[in-house]
Number of protein chains: 2
Amino acid sequence: MYLRNMLSKKTKYGLKALTYIARKGNNEPVQIGEIAKHEQISQKFLESILLTLRKSGFLGSKKGKHGGYYLIKKPSEILMTDVMRVLEGPIALVSCVSLNFYEKCNDCPDEATCSVHKLMIQVRDSTLNVFKNNTLEDISK
Amino acid sequence: MYLRNMLSKKTKYGLKALTYIARKGNNEPVQIGEIAKHEQISQKFLESILLTLRKSGFLGSKKGKHGGYYLIKKPSEILMTDVMRVLEGPIALVSCVSLNFYEKCNDCPDEATCSVHKLMIQVRDSTLNVFKNNTLEDISK
DNA sequence: TATTATTCCTATCGATTTAATAGAGATTGC
DNA sequence: GCAATCTCTATTAAATCGATAGGAATAATA
């Protein structure tokens, strides 16, 4: 069994939900239940994820009958960099190489000579590059 | 405070220890205690990490007085791809894009149309590329 | 041989995080 | 008014992580 799960289910489900909504094409609100059923996601869990995406400005919502969630921007304008930061958190694997959430490691005496730092800077940049070059439209194709 | 810690301390400490040993240059065994002190790592925790690295063929060990750990191969021959797989586990963030530990996601009905799959393939490749292009020598400079 | 320094091995623990669940409240459409 | 839907808070079970403890095995050396 695949043990390490470095991409949280929150992110995975969030991306799937955004994709599902994007693929619908129109601007009609899509209901949580419909997404949960199609993507085989726990509805209650998905509720909290969509709420996060709404509060972060990716989704709009409408309550009551025929309510649901809809995209606020065009899929081509939704960058993975932004989505990932909201769902998964900082992109850097260690705080000392984070662009947006930098923090010195409490143990490491000198970043300039730290081999982990040196390696993780590169991983950050290459990952960031992927996220910068992918919009919701790209991954929904 | 930086919450997500996607790179485990095991990996971080393991890389630091390998670097420490590599920087010594000679082939004399280096003791756990010395590494732990220098790198500010819990000695007991480091013991288990070095044991893992030995069992995986990166380090040799010598017991008893004047014992310790030493590199089996030259730093320039130790690829980060291999080290990371041993310390951190699969490089892919989700099992369905893992080259060495592939497993179908139990929920996802079709990888071909899965947006998460599409994105994570790219992340895997770019990260793999970084690890392939870095040896222990490179990060120890 | 006795002593000391070191690696080796197993077991356990506390804290944190994750994924999921429950239930009630607020709003909207009909 | 009623049903459908999002909103919010709280709780829980399981897993994982980092750390710790204690002793067994081995090697050097006096």
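Refer to the structure presented above.
Please read all numbers here as calculations on a predicted model, not as lab measurements. (Residues numbered from 1 in each chain as written. Chains lettered and ligands numbered in written order. Predicted model: local features only at pLDDT ≥ 70, side-chain atom pairs only at ≥ 80, totals over all residues. Heavy atoms only, no water.)

> Explain the protein's contact with DNA strand C to me, please; I cannot follow it from the model alone.
The full set close to DNA strand C counts 28 residues, and K44(A), F45(A), R54(B), S61(B) and Y69(B) are the nearest of them. A share of 75% is what sugar and phosphate atoms reach among the atoms of DNA strand C within 4 Å of the protein. Within the side chain of S42(A), one N or O atom sits 3.5 Å away from a phosphate oxygen of DNA strand C. Contributing elements (two or more residues each) for the surface near DNA strand C: α1 (9-24) and α3 (43-55) of chain A together with α3 (43-55), β1 (59-62) and β2 (68-71) of chain B. Among the elements that take part in the surface near DNA strand C, α3(B) stands out by supplying 5 residues, more than any other. (Near = heavy atom within 4 Å. Polar contact = N/O pair within 3.5 Å; in protein donor to acceptor, adjacent residues only side chain to side chain. Helix = DSSP H or I, 4+ residues; strand = E, 2+ residues; numbered from the N terminus.)

> Would you take a moment to explain the pattern of salt bridges for this structure?
Between side chains of opposite charge, a pair can form as their charged atoms come close. Per the counting criterion, the structure on display carries 10 salt bridges over all chains. Between E47(A) and K44(A) there is a salt bridge, and its shortest N-O distance comes to 3.7 Å. Of the two residues, E47(A) and K44(A) are both situated in helix α3; the distance of 3 residues between them amounts to about one turn of the helix. The residue D138(B) makes a salt bridge to K141(B) at a minimum N-O spacing of 3.7 Å. Exposure remark for D138(B): the relative accessible area of 22% places this residue in the partly exposed category. (Salt bridge = Lys/Arg side-chain N within 4 Å of Asp/Glu carboxyl O. Buried < 20%, exposed > 50% of the residue type's maximum accessible area, 1.4 Å probe, protein only.)

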